[in-house]
Amino acid sequence: MYNKMERKIRASVPAKVILFGEHFVVYGKRALATAINRRLTVDVSSREKKGYHVKIENIPTFGIEMDLEVGKEDRDEKGKALLYKDYENATKAIAYVRESIRYLEERYGAGEGGVEVEIKSQIPLSAGLGSSAATCVATIAALKEYFGVSSDLEGIREDAHRIEKAVQGDASPVDTAISTYGGYVSVEKGEVRRLRLAGLNLIVGCVSSIPLSMGIDTKKVSELSLKTKKIVAEVKGRKGIFKSIFDCIFDAADEITVQAIRAIEEGDFIKLGVLMNINHGLLDAIGVVPRGLSELVKMSQASGALGAKVTGAGGLEEIGGVGSVLVLPGESGERIKTAMEIAGALGMDVKTGGEGLKIDAV
Ligand code: MEV
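Residues numbered from 1 in each chain as written. Predicted model: local features only at pLDDT ≥ 70, side-chain atom pairs only at ≥ 80, totals over all residues. Heavy atoms only, no water.

Colleague: Describe in detail the side chain of Ser-100, supporting the description with residues and values.
Modeller: Positionally, Ser-100 belongs in helix H2 (residues 95–108). On the accessibility criterion, Ser-100 (0% relative accessible area) is buried. Leave out the neighbours within four places in its chain, and Ser-100 touches Cys-136, Thr-139, Ile-140, Leu-143 and Ile-163. (Helix = DSSP H or I, 4+ residues; strand = E, 2+ residues; numbered from the N terminus. Buried < 20%, exposed > 50% of the residue type's maximum accessible area, 1.4 Å probe, protein only. Contact = heavy atoms within 4.5 Å.)

Set out below in structure tokens:
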């Protein structure tokens, strides 16, 4: 039996890519997502001072460290914390950690005492690879384990989804399901289903997060951390204006996911690639593809990829078009990665279907 005060809990979760159906899934359409072999780790341990100290490091090109304090005005008459202070820009970057802590206290009445939360990540920030959901799942899982709140995986997934939604406004359960379960999941009308499908070798191309030369510009970081929220809201606005057109696009996207799952089951990579290209076209139609990501997709297709598409939320021109594309490379992997490098993007080989949440006492 461990003494809570002496142990360190480590939760580790995978990054995700959405293969098909991002954005459309927010409105109940089907999506297919999978874990990839890049991970985020949260360590929770005790510290002598009261309150939470949060350290986020080696997320590619980004790091931040701070105390999370409770303001007097944020306590009820018994002195219990109601809400953590808004630290403006800097804390928006760690909004997911802050909300996890608030949620733990409110939902489970746990969380008193001095706690160190340390996050290490191989997942580029705001690149559409699920860094936000990974943070929510790993943080709430580590905190629950640390404070002895018993939970199964489904409980952690649900908690993390609520936390992500509280920060982002709208969020489908896709990202948190993948970080929790790993493997593949499909989501339809908000229902998560785990699928057994063979692993794929893909390339992810990132128009990178924050250039190292910028250092930690908290305003920029905060804009990036809320990128998904902004793009999802913009799609909602356009959908409201062009409802009948968007309805057709959304139905087509739904059918693409169904056919794509079949293509993976049948090992039909030619068909899978074409479906990726069509899905990309629909994402462009709803306005989430900035120029840089569009160029990466076209360049990959021209270099011999079987298929290429934006993955995740897409990007916004005004914050540098940061985001990612997903490529089914066929025989042209090296050529595609070289072309990505020349274009200034980060090209990563990834394997799909990786392991989900792991919790250890270390
Ligand atoms: C973000 O990775 C995917 C979106 O579909 C939003 C969501 O599903 O919550 C854009």
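Colleague: Outline the site of the ligand, listing residues and values.
Modeller: Neighbouring the ligand are the residues Lys-16, Ile-18, Glu-22, His-23, Val-25, Val-26, Ala-171, Ser-172, Asp-175, Gly-312 and Ala-313. Interatomic distance of 3.1 Å between a side-chain N/O atom of Lys-16 and an oxygen atom of the ligand. Asp-175 is positioned with one of its side-chain polar atoms (N or O) 3.2 Å from an oxygen atom of the ligand. Burial of the ligand by the protein chains amounts to 96% of its free accessible area of 300 Å². Grouping the amino acids of the shell around the ligand by side-chain chemistry returns five nonpolar, three polar and three charged. (Near = heavy atom within 4 Å. Polar contact = N/O pair within 3.5 Å; in protein donor to acceptor, adjacent residues only side chain to side chain. Areas by Shrake-Rupley, 256 points an atom, 1.4 Å probe, with all protein chains shown as cover. Nonpolar A, V, L, I, M, F, W, Y, C, P; charged D, E, K, R; others polar.)

Colleague: Just give me the short version of helix H9 (residues 269–285), but keep the residues and values in it.
Modeller: Relative to the 24 Å expected for 17 residues at 1.5 Å per residue, H9 spans 24 Å between its end C-alpha atoms, a close match to the ideal helical length. Along H9, the residues that are buried comprise Leu-272, Gly-273, Leu-275, Met-276, Asn-279, His-280, Leu-282 and Leu-283. Its buried side turned inward, H9 meets strand S1 (9–20), helix H8 (243–266), helix H10 (291–302), strand S9 (307–311) and strand S10 (323–328). Phi turns positive, to about 90°, at Gly-287, one or two residues after H9. (Expected span 1.5 Å × (residues − 1).)

Colleague: Could you give me a rundown of H2, with the residues and numbers involved?
Modeller: In this model, H2 (14 residues) spans 19 Å end to end at C-alpha, consistent with the 20 Å of a helix rising 1.5 Å per residue. Extensive coverage of H2 is indicated by the burial of eleven of its 14 residues. Within H2 the residues assigned to the buried category are Ala-95, Tyr-96, Val-97, Arg-98, Glu-99, Ser-100, Ile-101, Arg-102, Tyr-103, Leu-104 and Glu-105. In the segment just after H2, Gly-109 is the residue with positive phi, at about 60°.

Colleague: Quick one: what's the story with unusual backbone geometry, residue by residue and with numbers?
Modeller: Even without glycine at this site, His-23 takes up a positive phi of about 70°. Position of His-23 relative to the elements: it lies in the loop between S1 and strand S2 (31–46). Residues other than glycine seldom take positive phi values, yet Lys-189 does so here, at roughly 45°. By the secondary structure assignment, Lys-189 is in the loop between strand S6 (184–188) and strand S7 (191–195).

Colleague: Tell me about the packing of aromatic side chains, residues and numbers included.
Modeller: Think of a pair of aromatic rings as described by two things: how far the centres are apart, and how the planes are tilted against each other in angle. For the coordinates displayed, the defined rule picks out five aromatic pairs. Relative to Phe-250, the ring of Tyr-27 has its centre 5.4 Å away and its plane inclined at 75°; by these criteria the two rings are edge-to-face. Of this pair, Tyr-27 sits in the loop between S1 and S2 while Phe-250 is found in helix H8, placing the two residues 223 residues apart along the sequence. Given the relative accessible area of 2%, Phe-250 is considered buried. Here Phe-246 and Phe-250 contribute two aromatic rings whose centre-to-centre distance is 6.1 Å and whose plane-to-plane angle is 35°, an arrangement assigned as tilted. (Phe/Tyr/Trp six-rings, centres within 6.5 Å; stacked < 30°, edge-to-face > 60°.)

Colleague: Account for the nonpolar core, with residues named and values stated.
Modeller: Membership of the largest hydrophobic core comes to 92 residues, with the highest contact counts inside it found for Leu-19, Phe-20, Leu-32, Val-117, Leu-129, Phe-147 and Ile-286. Those residues in contact with Ile-286 that sit more than four places away from it in its chain are His-23, Phe-24, Val-235, Arg-238, Phe-246, Ile-249 and Phe-250. In terms of nonpolar packing, the next biggest core, distinct from the first, is built from ten residues, Val-25, Ala-31, Ala-35 and Ala-177 among them. (Core = buried A, V, L, I, M, F, W, Y, C linked by side-chain atoms within 4.5 Å.)

Colleague: Please give an account of the pattern of salt bridges that cites residues and values.
Modeller: Taken as a whole, this structure holds 23 salt bridges when the rule is applied. Measuring nitrogen to oxygen at the nearest pair gives 3.6 Å for the salt bridge that ties Glu-118 to Lys-120. Judged by its relative accessible area of 17%, Glu-118 falls in the buried class. Taking the shortest distance from any N to any O, the salt bridge between Lys-243 and Asp-247 comes out at 2.8 Å. Highlighted residues: Lys-243 and Asp-247, both in helix H8, separated by four residues, approximately one helical turn. A cluster of three or more residues bridged by salt bridges with shared partners is formed by Arg-30, Glu-188, Lys-189 and Asp-254. (Salt bridge = Lys/Arg side-chain N within 4 Å of Asp/Glu carboxyl O.)

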